[in-house]
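Structure assessment
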2 protein chains.
Amino acid sequence: MRVLQAELTWWQGSLARDLLLGVTADGRFEALEALRPDDTLQRLPGQLLLPGLVNAHSHAFQRVLRGRTEYAATGPGQDDFWSWRELMYRAAERLEPDTLHTVSRQAFVEMARAGITSVGEFHYVHHDPEGRPYADRLELSRAVIEAAREVGLRIHLLRVAYARSGFEVAQNPRQRRFIDPRPEDVLADVTALQGAYAGDPLVQVGLAPHSVRAVPREWLATFAQAQASLSAVHMHVSEQPAEIDACLRETGLRPVELLAELGLLTPRFTAVHGIHLSKAEVQLLGEAKANVCACPTTEANLGDGVIPADQLLAAGAEVCLGSDSQARIDLLEEARRLEEHLRLIRQQRAVLDAGGGKVEGLAARLLHAATAAGSRALGEDVGATGVPADGFTVDLHHPSLRGFNEASLLPTVIFGAPREAIREVWVAGRRIVEQGRHPIEVQAADAFDAVVNRLFG
Amino acid sequence: MRVLQAELTWWQGSLARDLLLGVTADGRFEALEALRPDDTLQRLPGQLLLPGLVNAHSHAFQRVLRGRTEYAATGPGQDDFWSWRELMYRAAERLEPDTLHTVSRQAFVEMARAGITSVGEFHYVHHDPEGRPYADRLELSRAVIEAAREVGLRIHLLRVAYARSGFEVAQNPRQRRFIDPRPEDVLADVTALQGAYAGDPLVQVGLAPHSVRAVPREWLATFAQAQASLSAVHMHVSEQPAEIDACLRETGLRPVELLAELGLLTPRFTAVHGIHLSKAEVQLLGEAKANVCACPTTEANLGDGVIPADQLLAAGAEVCLGSDSQARIDLLEEARRLEEHLRLIRQQRAVLDAGGGKVEGLAARLLHAATAAGSRALGEDVGATGVPADGFTVDLHHPSLRGFNEASLLPTVIFGAPREAIREVWVAGRRIVEQGRHPIEVQAADAFDAVVNRLFG
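As the structure is a computational prediction, the values presented were derived from the model and not from experiment.

Before going further, it helps to spend a moment on the overall build of chain A. When helices and strands are counted, chain A shows 16 helices and 17 strands. A compact globule built from 457 residues should have a C-alpha radius of gyration of about 23 Å, and chain A, at 21 Å, falls within 12% of that. Summarising its shape, the C-alpha atoms of chain A cover approximately 65 × 50 × 45 Å along the three principal directions. Each of the 457 residues in chain A was classed as buried or not, and the buried ones make up 67%. Carbon and sulfur atoms form 50% of the exposed surface of chain A, whose accessible area is close to 14700 Å². Side chains of chain A give 47 positive and 60 negative charges; the mean places of these two sets differ by 2 Å.

Right, dumping it as structure tokens:
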């Protein structure tokens, strides 16, 4: 058996020194008492081994927007989420299967280099630029999944359902590639994709009703019926006040109230964002033990607001993290900003501390959000099936981490480590990043440059 | 003459390709039309050369706190700026000249690696642990200045004046190392330090009345008299609501109103933080063309709140940036978060855009905050004396930057570049970081580890 031995390992909620971690044939980690004669040992001196980061909400193709939307598109003081969305649609309009693959692969390489081992890809571009299904209806989904496979990431493709532009909103022609006529078409695609990748343990397929604005009540009811066969259901929820007003006008209910009434709130449901929530909605998400996915760098970039993660956790919900728009790809930054954004608006510190002055409480909770909580949101029942051999290491000699002791190490990593401190990354026991580099990173980036220059100038 | 030629250079507000930048004998950059026979050319292919980042507000020694204050020290839901401050005082109590030097040097090495070429060090630990002046009154100031010299940074030491614990507040014994009996002692130290470093163009010395809580009106009046001889006056202003209430009780004025009445608001005055400002205070700072130094990562870490930089800029103030508590040391992150924190609370995008849809407006404004605005706050009159040969390069082939065009490059760097994309750093024409590494980084970090372990376990 291959055995990893880092100087320090975060294992079952605490730090262990010189822990022997065997990699099983089915790609899981197993703590060992001692080496056995046939074991091959890989020592990782000067490194801290952490569980792989789970990026529970990604739109990989939005990587092409980085740096291209940071101006007032609609005039000074008028730019917001909705004007950004029009810029984003311009990018979505031009991608074809090959270019979507190239662009997604670049985002996935950057994820791997950031210690991300698993991605929930909220995938909503399905049809050709005229809105007609491709000959193979699944072609764009496959392009994204194959990009993740090439990089070596675990992927949970969340096939998006999109019915309309919104309640009492004229159809936006820029959304035609997202839209299907019937919810049954969406479910059939999910089933077909599940079948196509049934043999790959690194690929799962779930469902993502886009949002209450894009998916009407009747569609949601159909999906609620189908949810027993789905590994995960993700949905954008309450990212912007305007969508809540529209939902109230259409249904008389706030978005989370509507989802609760339809029976969609379960531990396999993930509300992405969940910013503008009433107290009652926080309670509903908590009582259902649902997941809420925070995407702090995107929520800051888009001016969405701050997720009340403290209230959600107190109510019983799980909170996980996503890189969303790829403005940056750094899940440790998402973790620290989950807490830091709350500090800004609450004007307190240690908001998400588990309480009681336990030094490692807060950092461990943020690491949990960046790892196990994400796995749960992606339908991976970590406890039941053993610990996947997904992990990454941090260079303990990096200048930014110096001066730590064992109590302060995890907080130093979560609050202070830049991307460059990340050294090695494994997915299902296979090393995909070595000394900070992914083997295809240059090739992937050159191809990405060529596509972006051709399509967007 | 030594000549640098990067693939792209940000020069006088726009991008230039293959610009020839001569380094003059007195350490300034000069754009050249063509190479001359005796010039030695250093090409920087695949790199973007940017002006050096100016860290206008630093407490270098607080680097020892990184990762050590991220828990609820005073119980769940009770932790805030003031409880953090007690933890910080515990660190300040234990440093002696040699250990302060070692700790400061580590922070300065991390700054250099982050592209920072100039630091405003707000230095407030002056006396021995019993509160008695050292035999050489300037010993701790010298320790900090020498650390910056060793690293090669430009430093503006802002010698802090500290009179008391606060208005109607019992003396806190943890502050005894900061306190002087008379304002004249402080001014004498400033003059002595100016004299001691008069021969080093990389060292300046200014004054920093700590805050309205620590410095009473009479001291401030004395400093206002002396300000013509000072290169810069910095002060913590309105970081926390409690200090505003106390100032109103003591003087009947809000902090900025008090400073205006005393004549302290000038273009050489910098209000550090400036978060909880009335509209009238924003106007006062603007009319005086004063500087406001935002420290977004620290303001998030400490739960301070968000600086109204949009209102301050509109009123005529300059806004610069600082790493403050060293929770992280990444001035590009400070720049992007200046804008992003505003987006979170205003729920808009492109808040600080210069307006009019000019693509590079916002990023150029944030770069200005991270460079020229900081120089101005540190009393460096860049326009009058030429452009210092302070700069850093970014690797254009870094995965995080790929896909840029010339319009999107600066926004991509400001909003998307991690620290590791920074390659070379020059101060006054001397290269202090080469291929991302500082020559003394290992030695400095080992010494830092030893000090931190000995003093703080």
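All names here are of chain A. For Gln-12, which is not a glycine, the phi torsion comes out positive at approximately 50°. Following the sequence through the fold, Gln-12 ends up in the loop between strand S1 (2-11) and strand S2 (14-17). We classify Gln-12 as exposed; its relative accessible area is 70%.

Enumeration according to the criterion identifies 14 aromatic pairs over all chains in this entry. Taken together through their ring pairs, the aromatic side chains of Phe-61, Tyr-89, Tyr-124, Tyr-162 and Phe-178 of chain A make up a single cluster.

Residue and element names in this part refer to chain B. Summarising the element assignment, His-126 is placed in the loop between strand S7 (116-123) and helix H3 (139-151). The spatial distance from the C-alpha of His-126 to the C-alpha of Val-272 is 20 Å, given a sequence separation of 146 residues. Sequence-distant contacts of His-126, defined by excluding residues within four places in its chain, comprise Tyr-134, Arg-137, Leu-140, Arg-159, Val-160, Arg-177, Phe-178 and Asp-180. A distance of 2.8 Å separates the side chain of His-126 from the backbone oxygen of Val-160, its partner in a polar contact.

Between chain B and chain A, which share one sequence, the superposing operator has a rotation angle of 180° and an axial displacement of 0.0 Å; the RMSD is 0.0 Å. The operation mapping one copy onto its partner corresponds to a two-fold rotation axis. When each C-alpha of chain B is compared by its distance to the rotation axis, Glu-420 of chain B comes out closest, at 2.8 Å. A share of 100% of the interface residues of chain B reappears at the interface of chain A, consistent with the copies meeting face to face through the same patch.

Bring the parts together and some accessible area is lost; that lost area is often taken as the interface size. Each partner contributes residues to the interface: chain B has 72 residues there, and chain A has 72 residues. Here chain B packs against chain A, burying approximately 5700 Å² in sum over the two surfaces, 49% of which is carbon and sulfur. Of all residues in chain B, Leu-344, Arg-349 and Arg-402 of chain B bury the most surface against chain A, accounting for 15% of the area lost on that side. The tally of links from chain B across to chain A stands at 18 salt bridges. Residues Glu-420 of chain B and Arg-419 of chain A are paired through a salt bridge, measuring 2.6 Å at the closest nitrogen-oxygen approach. Here chain B and chain A share 46 residue pairs in polar contact (both at pLDDT 80 or more) between them. Listing elements by their share of the side of chain B that touches chain A, those giving two or more residues are helix H1 (81-94), helix H2 (97-113), helix H9 (296-301), helix H11 (331-346), helix H15 (406-416) and helix H16 (441-456) of chain B. With eight residues, the top contributor of residues to the side of chain B that touches chain A is H16 of chain B. For the side of chain B that touches chain A, the per-class residue count stands at 24 nonpolar, 23 polar and 25 charged.

It is worth spelling out the side chain of His-236 of chain B at this point. Residues and elements named next belong to chain B. Structurally, the position occupied by His-236 is in strand S10 (residues 233-237). For His-236, a relative accessible area of 7% puts it in the buried group. A distance of 3.2 Å separates a polar atom in the side chain of His-236 from a polar atom in the side chain of His-57. One polar contact links His-236 to His-59, side chain to side chain, over a distance of 3.4 Å. In contact with His-236, other than residues within four places in its own chain, are His-57, His-59, Phe-122, Pro-209, His-210, Ser-211, Val-212, Val-272 and His-273.

If you look at the biggest cluster of nonpolar residues, it comprises 149 residues, and the most contacted ones within it are Phe-61 and Phe-108 of chain B. In this structure, Phe-61 of chain B is in contact with Met-88, Ala-91, Ala-92, Leu-95, Leu-100, Val-103, Ser-104, Tyr-124 and Val-125 of chain B, ignoring residues within four places of it in sequence.

Let us look at helix H6 (residues 241-251) of chain A. All names here are of chain A. Turning to H6, its buried residues number three or more, namely Glu-243, Ile-244, Ala-246 and Cys-247. Buried positions in H6, seen along its axis, are confined to an arc of 165° and lie on one side of it. As for H6, its buried residues are in contact with helix H7 (255-261). Gly-252 sits one or two positions beyond H6 and adopts a positive phi of about 75°.

Bringing the pairing of strand S8 (residues 154-161) of chain B into the picture now. All names here are of chain B. Counting buried residues along S8, eight of its eight residues qualify, which places the element largely inside the surrounding structure. Alternating positions in S8 separate into two faces, Arg-154, His-156, Leu-158 and Val-160 on one and Ile-155, Leu-157, Arg-159 and Ala-161 on the other, with burial throughout. Note on the crossover from S7 through H3 to S8: the handedness is right-handed. Direction of pairing for S8 relative to strand S9 (residues 203-209): parallel, over a ladder of seven bridges. Along S9, the bridge assignment pairs His-156 with Gln-204. Handedness of the S8-helix H4 (residues 183-196)-S9 crossover: right-handed.

Right, let's talk about the packing of H11 of chain B against H15 of chain B for a bit. All names here are of chain B. Remark: H11 packs on H15, axes separated minimally by 7 Å, with the N-to-C direction vectors making an angle of 85°. Viewed along their axes, H11 and H15 adopt a mutual orientation that is roughly perpendicular. In this structure, H11 contributes Leu-332, Ala-335, Arg-336, Glu-339, Glu-340 and Arg-343 to the contact, and H15 contributes Val-413, Ile-414, Phe-415 and Gly-416.

Counting all residues, the mean pLDDT for chain A is 95, and 97% of those residues have values of 70 or more. For this predicted complex, the interface score ipTM comes out at 0.96, alongside a pTM of 0.97.

This brings us to the side chain of Ser-83 of chain A. Residues and elements named next belong to chain A. With respect to the helices, strands and loops of the structure, Ser-83 is situated in helix H1 (residues 81-94). On the basis of relative accessible area, Ser-83 is assigned to the buried category, the value being 9%. Non-local contacts of Ser-83, meaning those with residues more than four positions away in its chain, are made with Thr-74 and Gln-78.

Residues and elements named next belong to chain B. Between H4 and helix H5 (residues 217-226), the least distance of the axes is 10 Å, while the angle of their chain directions is 35°. Between H4 and H5 the crossing geometry is right-handed. Contact residues: Pro-183, Glu-184, Val-186 and Leu-187 in H4; Trp-219, Thr-222, Phe-223 and Ala-226 in H5. The class makeup of the residues in the contact of H4 with H5 is six nonpolar, one polar and one charged.

Among the structural elements, Ala-242 of chain B can be located in helix H6 (residues 241-251). Taking C-alpha positions, Ala-242 of chain B is 9.5 Å from Arg-213 of chain B, a pair spaced 29 residues apart along the chain.

Taken as a whole, this structure holds 80 salt bridges over all chains when the rule is applied. Residue Arg-17 of chain A is joined to Glu-7 of chain A by a salt bridge in which the shortest nitrogen-to-oxygen separation is 4.0 Å. Residue Arg-17 of chain A is found in strand S2, and its partner Glu-7 of chain A is found in strand S1; the two are separated by ten residues along the sequence. Residues participating in the shared-partner salt-bridge network are Glu-70 and Asp-79 of chain A together with Glu-339, Arg-343 and Arg-349 of chain B.

On to helix H12 (residues 361-370) of chain A, then. Burial runs high along H12 of chain A: seven of the ten residues are buried. Among the residues making up H12 of chain A, those that are buried are Gly-361, Leu-362, Ala-363, Leu-366, Leu-367, Ala-369 and Ala-370 of chain A.

Moving on, we come to the pairing of strand S17 (residues 430-433) of chain A. Looking along a regular strand, one sees side chains alternate from face to face of the sheet. Residues and elements named next belong to chain A. Both strand S16 (residues 422-427) and S17 contribute to a ladder of three bridges, which runs antiparallel. Looking at the pairing, Trp-426 lines up with Arg-431 of S17. What sits between S16 and S17 in their antiparallel hairpin is a turn of two residues, with Ala-428 showing a positive phi close to 50°.

Once that is clear, we can look at empty space enclosed by the protein. Here the structure, examined in full by the defined rule, presents 13 cavities of 30 Å³ or more. As a volume, the largest cavity reaches approximately 400 Å³. Around the largest cavity, the lining is made up of 32 residues, and of these Pro-418 and Arg-419 of chain A together with Asp-330, Pro-418 and Arg-419 of chain B lie nearest the centre. When contributions to the lining of the largest cavity are tallied by element, the ones reaching two or more residues are helix H2 (97-113) and helix H11 (331-346) of chain A together with H2 and H11 of chain B. Of the residues assigned to the lining of the largest cavity, the class counts are eight nonpolar, six polar and 18 charged.

Cut-offs and rules
Residues numbered from 1 in each chain as written. Chains lettered and ligands numbered in written order. Predicted model: local features only at pLDDT ≥ 70, side-chain atom pairs only at ≥ 80, totals over all residues. Heavy atoms only, no water. Helix = DSSP H or I, 4+ residues; strand = E, 2+ residues; numbered from the N terminus. Rg over C-alpha atoms; globule rule 2.2 N^0.38 Å. Buried < 20%, exposed > 50% of the residue type's maximum accessible area, 1.4 Å probe, protein only. Areas by Shrake-Rupley, 256 points an atom, 1.4 Å probe, with all protein chains shown as cover. Lys, Arg positive; Asp, Glu negative; His and termini not counted. Charge placed at Lys NZ, Arg CZ, Asp CG, Glu CD. Phe/Tyr/Trp six-rings, centres within 6.5 Å; stacked < 30°, edge-to-face > 60°. Contact = heavy atoms within 4.5 Å. Polar contact = N/O pair within 3.5 Å; in protein donor to acceptor, adjacent residues only side chain to side chain. Least-squares fit on C-alpha atoms with pLDDT ≥ 70 in both. Buried area = accessible area lost by both parts, 1.4 Å probe. Salt bridge = Lys/Arg side-chain N within 4 Å of Asp/Glu carboxyl O. Nonpolar A, V, L, I, M, F, W, Y, C, P; charged D, E, K, R; others polar. Core = buried A, V, L, I, M, F, W, Y, C linked by side-chain atoms within 4.5 Å. Arc of directions from axis to C-beta. Right-handed = clockwise from strand over helix to strand, strands pointing away. Pairing = 2+ DSSP bridges. Axes fitted to C-alpha atoms, helices over the stretch in contact; angles between N-to-C directions. Parallel < 35°, antiparallel > 145°, perpendicular 65-115°, else oblique. pLDDT = per-residue confidence, 0-100. Left-handed = near helix turned anticlockwise from the far one by under 90°. 1 Å grid on protein atoms, 1.4 Å probe; cavity = no way out; pocket = protein on both sides within 12 Å on 5 of 7 lines; lining within 4 Å. Points joined across faces, edges and corners; volume = space filled by probe spheres on them.

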